[in-house]
Amino acid sequence: MGGDDFHKGVKESSNKLDGSSLKILIVHTRWNAEIVNPLVDGTKSSLAKYGVKSENIIIRDVPGAYELPGAAMKLIRQSQQESTNLVSNIVDDLLSTQTLSDKANVEGAKSGPFDAVICIGVLIKGSTMHFEYIADAVSHGIMRVGLDTGVPAVFGVLTCLTDEQAMQRAGIGRGEDKGHNHGLDWGSAAVEMALLKL
Ligand code: DLZ
């Protein structure tokens, strides 16, 4: 490890990732918005690179990182409930003139539940234990969202010791080296996990 051929970070998947049929939820914080917003932009550009249509990227914001798991869980549950309702409406309307695909795809946007959720936030360590408690709760909470709903949940939360560390990981470092925008990796992780199959 550490030689010239050492690749830091995630390698591209060897599978072809076609996100054109996916519907992705992004939930991000308004805390540390100056760093979070570029991360959201990086995530969106990565999703676009893999073919996810802009109308199928749903974005919601919450106050802080602590709210991310609860919001993600609530919105996923809503999308699953709406899709159940849609199916029963389609069955009710089977004899109407509207085709099934017309009914299921309103104005090009994909109906149905989310295929993945990306939770984005930035925690920066202060002088109290707050950082440790929130980071622990949020990381476990986001894991639970994924396991309990079956919808892949991407951990897009930076847990940094300084502002500069966070800026570097959002690609907006102050020095000549702006760093790497981790949102680019979160978008590809969401597409890859959404498409995962045997
Ligand atoms: C209170 C707080 C603090 C001190 N720091 C951060 C932070 O660095 N990043 C973040 O996303 N949120 C922070 N918060 C807010 C909490 O996540 C949460 O919104 C509040 O405690 C209300 O539940």
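About the criteria used
- Residues numbered from 1 in each chain as written.
- Predicted model: local features only at pLDDT ≥ 70, side-chain atom pairs only at ≥ 80, totals over all residues.
- Pairing = 2+ DSSP bridges.
- Helix = DSSP H or I, 4+ residues; strand = E, 2+ residues; numbered from the N terminus.
- Right-handed = clockwise from strand over helix to strand, strands pointing away.
- Near = placed C-beta within 6 Å.
- Nonpolar A, V, L, I, M, F, W, Y, C, P; charged D, E, K, R; others polar.
- Core = buried A, V, L, I, M, F, W, Y, C linked by C-beta atoms within 7 Å.
- Buried ≥ 20, exposed ≤ 12 C-beta atoms within 10 Å, placed from the backbone.
- Contact = placed C-beta atoms within 7 Å.
- pLDDT = per-residue confidence, 0-100.
- Expected span 1.5 Å × (residues − 1).
- Arc of directions from axis to C-beta.
- Axes fitted to C-alpha atoms, helices over the stretch in contact; angles between N-to-C directions.
- Parallel < 35°, antiparallel > 145°, perpendicular 65-115°, else oblique.
- Left-handed = near helix turned anticlockwise from the far one by under 90°.

Enquirer: Is there a simple way to explain the pairing of strand 2 (residues 57–62) in this structure?
Expert: One face of the sheet, then the other: side chains in a regular strand alternate in exactly this way. In terms of strand pairing, strand 1 (residues 24–29) meets strand 2 through 6 bridges, oriented parallel. Paired with His28 across the strands is Asp61, a residue of strand 2. Each parallel crossover has a hand, and for strand 1 linked through helix 1 (residues 33–49) to strand 2 it is right-handed.

Enquirer: For this particular structure, what's the right way to read the site of the ligand?
Expert: By nearness alone, 15 residues border the ligand, and Trp31, Pro63, Gly64, Ala65 and Tyr66 come closest of all. Of all the secondary-structure elements, those providing two or more residues to the shell around the ligand are strand 3 (116–124) and helix 4 (130–149). Top element by residues in the shell around the ligand is strand 3. It accounts for 4 residues. Grouping the constituent residues of the shell around the ligand by class yields 8 nonpolar, 6 polar and 1 charged.

Enquirer: Mind showing me how you'd approach the nonpolar core here?
Expert: The tendency in soluble globular proteins is for nonpolar side chains to be buried as a group. Of all hydrophobic cores here, the largest spans 44 residues; its most connected members are Ile24, Ala72, Val117, Ile118 and Cys119. The element contributing the most residues to this core is strand 3, with 7 residues. Beyond its immediate stretch of four places on either side in the chain, Ala72 contacts Val27, Val117, Cys119, Val145 and Ala153.

Enquirer: How should the confidence of the model for the protein chain be read in this particular structure?
Expert: Mean pLDDT over the protein chain stands at 91; residues scoring 70 or higher make up 91%. Predicted as a complex, the structure gets a pTM of 0.89 and an ipTM equal to 0.99.

Enquirer: Would you mind showing me how to read helix 4 here?
Expert: What sets the pattern is the α-helix's 3.6 residues per turn: residues three or four places apart point alike. With 20 residues, helix 4 should cover 28 Å at 1.5 Å per step; its first-to-last C-alpha distance of 28 Å lies within 8% of that length. Along helix 4, the positions that sit buried rather than exposed are Ile134, Val138, Gly141, Ile142, Val145 and Gly146. Buried residues of helix 4, viewed axially, fall in a sector of 130 degrees; they line one side. Along helix 4, the residues that are exposed and aim more than 90 degrees away from the buried face are Glu132, Tyr133, Asp136, His140, Leu147 and Asp148. Residues of helix 4 that are buried sit in contact with helix 2 (68–92), strand 3 and strand 4 (153–160). Among the residues trailing helix 4, Gly150 stands out with phi positive, at a value near 80 degrees.

Enquirer: Sorry, what's going on with the packing of helix 2 against helix 4 here?
Expert: Each packed pair of helices is defined by two parameters, the angle between the axes and the distance between the axes. Running from amino to carboxyl end, helix 2 crosses helix 4 at an angle of 15 degrees, the nearest separation of the two axes being 8 Å. Comparing the axis directions of helix 2 and helix 4 gives the class roughly parallel. Crossing hand, helix 2 versus helix 4: right-handed. Between helix 2 and helix 4, the residues in contact are Leu68, Pro69, Ala72, Met73 and Ile76 and Val138, Gly141, Ile142, Arg144, Val145 and Thr149, respectively.

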